[in-house]
Amino acid sequence: MSVKILVPLADGFEEIEAVAPIDLLRRAGAEVTLASRTDSLEVTGKCGMTLKAEATLHDSLDHDYDLLVLPGGPGVAHLRKDERVLDLVRSRQAAA
């Protein structure tokens, strides 16, 4: 059974804080899901790099994850205001 990881992404994310962990975790065999905070699967980082998420955050909420990766950058302000993300963080904290 592989570790399941969710990476919620919002426009303005810090590219290196998203891409490097995603790459390393996938190389290690983890099942990493990129989830767009909006209905668009394309999410653009602060320096213009666009990643294509596998799912929307809304569609990802029905699954259980072992770990959350929250990339920083200006986009983190959107994640901090999103109750869905806050609920995910709270549930992971409660499980720790």
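Residues numbered from 1 in each chain as written. Predicted model: local features only at pLDDT ≥ 70, side-chain atom pairs only at ≥ 80, totals over all residues. Heavy atoms only, no water.

Colleague: Got a minute to help me understand the overall build of the protein chain in this structure?
Modeller: Counting its secondary structure elements, the protein chain contains four helices and six strands. Secondary structure elements of the protein chain occur, N-terminal to C-terminal, as β-α-β-β-β-β-α-β-α-α. In terms of overall size, the protein chain behaves like a compact globule, its C-alpha atoms giving a radius of gyration of 12 Å where 96 residues would be expected to give roughly 12 Å. The dimensions of the protein chain, computed from C-alpha atoms along their principal axes, are 35 × 30 × 20 Å. Intrachain contacts of the protein chain at a sequence separation of at least 6 include 69% that bridge at least 24 residues. By element, 53% of the accessible surface of the protein chain is carried by carbon and sulfur atoms, the whole surface being about 5,800 Å². Placing the 11 positive and 16 negative side-chain charges of the protein chain at their respective mean positions leaves the two points 3 Å apart. (Helix = DSSP H or I, 4+ residues; strand = E, 2+ residues; numbered from the N terminus. Rg over C-alpha atoms; globule rule 2.2 N^0.38 Å. Contact = heavy atoms within 4.5 Å. Areas by Shrake-Rupley, 256 points an atom, 1.4 Å probe, with all protein chains shown as cover. Lys, Arg positive; Asp, Glu negative; His and termini not counted. Charge placed at Lys NZ, Arg CZ, Asp CG, Glu CD.)

Colleague: Just to check I follow, could you spell out the environment of Lys 4 for this structure?
Modeller: Position of Lys 4 among the secondary structure elements: in strand S1 (residues 4-9). Judged by its relative accessible area of 35%, Lys 4 is partly exposed. Here the alpha-carbon distance between Lys 4 and Leu 67, two residues 63 residues apart in the chain, equals 6.7 Å. (Buried < 20%, exposed > 50% of the residue type's maximum accessible area, 1.4 Å probe, protein only.)

The quantities given are spatial measurements derived from coordinates; they are silent on function.
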